[in-house]
Amino acid sequence: QVQLVESGGGLVQAGGSLRLSCAASGTIFSINTMGWYRQAPGKQRELVALITSGGSTNYADSVKGRFTISRDNAKNTVYLQINSLKPEDTAVYYCNLNSVGPFGGNMNYWGKGTLVTVSS
């Protein structure tokens, strides 16, 4: 059983910053990627940023230059530094972990989400 616990969300004014954290625990086999997705009210969940076990990163175009994803492999923790926040960044941010399953294949795990609200 793998658990992901997010923290760091909150209410912030436009232009402000936040740092989200996600700690993974449990029986984790080889991690492929960790990342962040978000879902705004009335919209589908979308990818924000991903980081591989090797440190390669991928960002949504809408957040490039403002968001930075990083990870601490020893702690199975991923971070998302969010700068220059905009009202349209308001969403529930979900942590995701993709790993090798106990019998091969890939397993996808999700946190419960942390709410980021940006006021104008």
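A brief look at the structure comes next. All values derive from a computational prediction rather than experimental measurement.

1. Looking at the overall build of the protein
The secondary structure content of the protein amounts to zero helices and eleven strands. Since a compact globule built from 120 residues should have a radius of gyration of about 14 Å, the 14 Å found for the protein is in line with a globular shape. Summarising its shape, the C-alpha atoms of the protein cover approximately 50 × 25 × 20 Å along the three principal directions. A buried classification covers 42% of the 120 residues belonging to the protein. Considering only contacts in the protein between residues 6 or more positions apart, those separated by 24 or more positions represent 54%.

2. Re the sheet that holds strand E1 (residues 2–7)
Within the open sheet, the four strands sit side by side as E1-E3-E8-E7. Their pairing is antiparallel. The open sheet has two free edges, formed respectively by E1 and strand E7 (67–72), since each of these has just one partner strand. In this sheet, neighbouring strand axes are inclined to one another by 15° on average, regardless of whether the strands run parallel or antiparallel.

3. Here's the deal with the pattern of salt bridges
The full count for this structure, using the stated rule, is four salt bridges. One salt bridge connects Lys64 with Asp61, and the closest N-O pair in it is separated by 3.1 Å. With respect to burial, Lys64 and Asp61 carry one shared label: exposed. We note a salt bridge from Arg66 to Asp89, for which the minimum N-O separation is 2.7 Å. With Arg66 in the loop between strand E6 (57–59) and E7 and Asp89 in the loop between strand E8 (77–82) and strand E9 (91–100), this pair connects stretches of sequence that are 23 residues apart. Shared partners join several salt bridges into a network, and the residues in it are Arg38, Glu46, Arg66 and Asp89.

Cut-offs and rules
- Residues numbered from 1 in each chain as written.
- Predicted model: local features only at pLDDT ≥ 70, side-chain atom pairs only at ≥ 80, totals over all residues.
- Heavy atoms only, no water.
- Helix = DSSP H or I, 4+ residues; strand = E, 2+ residues; numbered from the N terminus.
- Rg over C-alpha atoms; globule rule 2.2 N^0.38 Å.
- Buried < 20%, exposed > 50% of the residue type's maximum accessible area, 1.4 Å probe, protein only.
- Contact = heavy atoms within 4.5 Å.
- Pairing = 2+ DSSP bridges.
- Axes fitted to C-alpha atoms, helices over the stretch in contact; angles between N-to-C directions.
- Salt bridge = Lys/Arg side-chain N within 4 Å of Asp/Glu carboxyl O.

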